[in-house]
Structures are given as C-alpha cells and as structure tokens.
Amino acid sequence: MRILQHFIVPVLSVVPNDRTVLPSHYFGTAFFINGDGVFLTARHVIEECEAEVASRGGECGLGVCKPGDDSSLFFGKVIVREFAPPPYDIAIGIIDVPTRAAFVFGETQKLLVWDDVYTAGYPITAVHRDHGGSRIDARGHKGYVLRKVPQGHLLIHPHPDVIEVNFSITKGLSGAPVVQRDQRNVEGASIDHFVLVGICVNNEPAEIVDFRHTEVSEEGKEFSETTSRIEEYGIVHDLRPLADWKPACLGGITLRNAIVPNA
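Treat the numbers as computed from the prediction; the structure is a model and nothing was measured.

J.: Sorry, what's going on with the packing of aromatic side chains here?
T.: Each pair of aromatic rings is reported with the distance of its centres and the angle of its planes. In the structure shown here, the tally under the stated rule is four aromatic pairs. Ring geometry for phenylalanine 31 against phenylalanine 103: centres 5.2 Å apart, planes inclined by 65°, an arrangement best described as edge-to-face. Here phenylalanine 31 is found in strand β2 (residues 23-32), whereas its partner phenylalanine 103 is found in strand β7 (residues 103-105), with 72 residues between them in sequence. Judged on exposure class, the residue phenylalanine 31 and its partner phenylalanine 103 are both buried. Where phenylalanine 103 meets phenylalanine 194, the ring centres are 6.1 Å apart and the plane angle is 45°; that geometry is what we call tilted. Here phenylalanine 103, found in strand β7, pairs with phenylalanine 194, found in strand β14 (residues 194-203); they are 91 residues apart in sequence, far enough to count as distant.

Shown next, in the form of structure tokens:
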C-alpha cells in the first residue's frame, strides 16, 4: 500500500540511539526518487542541518518509515550529498537504507497558468512536542500556477526557472516535491505515479502594494488616503531544465534517468 510518508520525509538532525529517531531539530522536507536511497530536497535545508550538526553534534538524516511499521520513524543517515549548479536551491543525496518512490520526471508535461499542482511536506507548525518526545505530521497543499518566471527575470535574488504558486512555502515545507496528478502519457494512458515538476524553495519577498484614492469630505475638501496589503507567493524551482544534470553521486546517470518509481 502506498502512503505519503513512504516517499516524502522530514529532514532532521538526530542523536541516534539504536537507529531510532530522537529528533532535536527539524529543518525541512525531502523525497525519494528511487529505491536506492536517493533523495531530493532544497539546498538550504541540507546546509541548515549540517550547520546544526557542526555546532551541536549528532547526525544529519531523514526520518523514514520503519519496514512493516508505518507509525514509527527509522533514521536514514545522509552518506553523500551534492548541490545543483547555482542559482538552483536544490540538493541531491543518498541515505544508507532502501527507499520507496512514487514519482516520474515531468519533462514533457505542459504546465500553464491555472494548472493545478500539489505538494506535501513537514512544516514546523505541524510539529507536536510534549514530555514524551515529538511528532511531526505531514501537511498537504493543493494550489495552482500563478505564473512561470524565466531565469533572471523580475525576482530580486538570482534564480533559475521558477514556478510561482498561490500557496506559501512555510518553514519546514522547503524541499517538498511539487507534482501534477491525474496526468496521461503521450499515448493517452493514465500515469499511475506523481508527475514531478519542481521543488518548494521559499516565498517571494513580501510586496507591499499601495492604493491611493481621493475622497471629498462633507465640507467639500479633498483628502487622500493610502491603504496597503501584503502579497506573498510560493516559489518553486523548476526541475525540468535539470533533466540532463549528472550529479557525481549518481555515477554518471542523469537526473531524468535516476527518477524511477517503485511504489
């Protein structure tokens, strides 16, 4: 049976105890792309986890469902990781346990304004802590494409091709996959797996939009009033231009060919 927690998992730093997870901090979300422990996430998620480990000790890893026990987490240590070329905020890595994956690469899929997209991950606000420890729950989002932003166009910071979505990438959701569902291949057959198009990274900087209007008072005098609102959109780095990227950790295999579902 396929459940989300099999292939979308939290990134955390831990003090390992018999390979069970005693989490000290959660940093974001990762997801597996094949059965060999290979995962993708956001670069800054891995960097924050590694900085915590360097400062306080422990190990950087992923929380994986125990074989035969979907209610418990099993610690998968990150044994290698690599970053995509700048300005991508994307990392690939491998953990030391077998994994399950449910994605196909979406390079040939059209993605247009108003198209539905989906994500799920482990935002910090979904962490439950008490005297017995902590538990983090997955949270899913369904949204749509607001616009597609070509590399270097309009956004403040350097960026690759970006998909702008109508939901916020809250802290901890960074690194989560963005997918299309209920898609069909070129022959018209239904695709049984999630079509992967990008990775959640962050939010576009909040933009204050001013609205100035003029009114006339009862005494006949004109006066102006300015109101404002905050616009904030989720930023997704488009994976499709990285189809032919060959990370060293994959031994010469392209990202496109490394994404092999087994769940």
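Moving on from the coordinates now.
J.: I tried to follow the pairing of strand β12 (residues 162-165) on my own but got confused; where do I start?
T.: One face of the sheet, then the other: side chains in a regular strand alternate in exactly this way. What you see with β12 is no split at all: Val162 and Glu164 on one side and Ile163 and Val165 on the other are buried throughout. Relative to β12, strand β11 (residues 139-149) runs antiparallel, the two sharing four bridges. Pairing of lysine 148 across the sheet is with isoleucine 163, part of β12. Strand direction decides the pairing type here: β12 and strand β17 (residues 234-238), joined by four bridges, are antiparallel. Each bridged residue has a counterpart across the sheet, and for isoleucine 163 the counterpart in β17 is valine 236.

J.: How should the pattern of salt bridges be read in this particular structure?
T.: Summed over all chains, the structure comprises seven salt bridges. When the shortest N-O distance is used, the salt bridge between arginine 56 and glutamate 52 registers 3.5 Å. With arginine 56 and glutamate 52 both in helix α1 (residues 43-56), this residue pair falls four residues apart, about one helical turn. On the basis of relative accessibility, which here comes to 15%, the residue glutamate 52 falls in the buried class. Linking aspartate 238 and arginine 240 is a salt bridge whose minimum nitrogen-to-oxygen distance equals 2.8 Å. Summarising the burial analysis for this pair, aspartate 238 and arginine 240 share the class buried.

J.: Quick question: what am I supposed to make of the side chain of asparagine 34 here?
T.: Looking at the secondary structure, you find asparagine 34 in the loop between β2 and β3 (38-41). If sequence neighbours within four positions are ignored, asparagine 34 has contacts with Thr99, Arg100, Ala101, Ala258, Val260 and Asn262.

J.: For this particular structure, what's the right way to read unusual backbone geometry?
T.: Backbone geometry follows two general trends: most residues other than glycine have a negative phi, and most peptide bonds adopt the trans configuration. For the peptide bond that leads from proline 86 to proline 87, omega is 5°, which places it in the cis range. One can find proline 87 in the loop between β5 (69-83) and β6 (91-95). At aspartate 182, a residue that is not glycine, the phi angle is positive and equals roughly 55°. Structurally, the position occupied by aspartate 182 is in the loop between β13 (177-180) and β14.

J.: Explanation requested: the environment of valine 38 in the structure shown.
T.: Structurally, valine 38 can be placed in strand β3. Linking valine 38 and threonine 99, residues 61 residues apart in sequence, is a C-alpha distance of 7.9 Å.

J.: What is the right way to read α1 from this model?
T.: Each α-helix winds once per 3.6 residues, and so residues spaced three or four apart point in a common direction. The end-to-end C-alpha distance of α1 is 20 Å, a good match for the 20 Å that 14 residues give at a rise of 1.5 Å each. Those residues of α1 lying buried are Val45, Ile46, Cys49, Glu52 and Val53. When α1 is viewed along its axis, its buried side chains cluster within an angular range of 125° and face the same direction. Structural note: α1 exposes Ala54 and Ser55 on the side pointing more than 90 degrees away from its buried face. Looking one or two places after α1, you find glycine 57, whose phi comes out positive at around 90°.

J.: How should I be thinking about the nonpolar core in this particular structure?
T.: Among soluble globular proteins, nonpolar side chains are generally buried collectively. The biggest cluster of nonpolar side chains holds 35 residues, and the ones touching the most others in it are Ile33, Leu40, Ile92, Leu239 and Leu255. When residues of this core are traced back to their parent elements, those giving at least two are β1 (8-14), β2, β3, β6, β7, β8 (116-121), β14 and α2 (255-258). Tallying contributions element by element places β1 first for this core, with three residues. In this view, leucine 40 contacts Ala30, Phe31, Ile33, Ile90, Ala91, Ile92, Gly175, Leu196, Ile199, Leu239 and Leu255; residues no more than four positions away in its chain are not counted.

J.: Just checking my understanding: could you explain the environment of asparagine 202 for this structure?
T.: Relative to the assigned elements, asparagine 202 resides in strand β14. With 34 residues separating them along the chain, asparagine 202 and valine 236 place their C-alpha atoms 7.4 Å apart. For asparagine 202, the residues in contact, after removing those within four places along its chain, are Ile169, Tyr233, Gly234 and Ile235.

Reading the values: the criteria
Residues numbered from 1 in each chain as written. Predicted model: local features only at pLDDT ≥ 70, side-chain atom pairs only at ≥ 80, totals over all residues. Heavy atoms only, no water. Phe/Tyr/Trp six-rings, centres within 6.5 Å; stacked < 30°, edge-to-face > 60°. Helix = DSSP H or I, 4+ residues; strand = E, 2+ residues; numbered from the N terminus. Buried < 20%, exposed > 50% of the residue type's maximum accessible area, 1.4 Å probe, protein only. Pairing = 2+ DSSP bridges. Salt bridge = Lys/Arg side-chain N within 4 Å of Asp/Glu carboxyl O. Contact = heavy atoms within 4.5 Å. Expected span 1.5 Å × (residues − 1). Arc of directions from axis to C-beta. Core = buried A, V, L, I, M, F, W, Y, C linked by side-chain atoms within 4.5 Å.

Remember that the coordinates give geometry; whether it matters functionally is a separate question.
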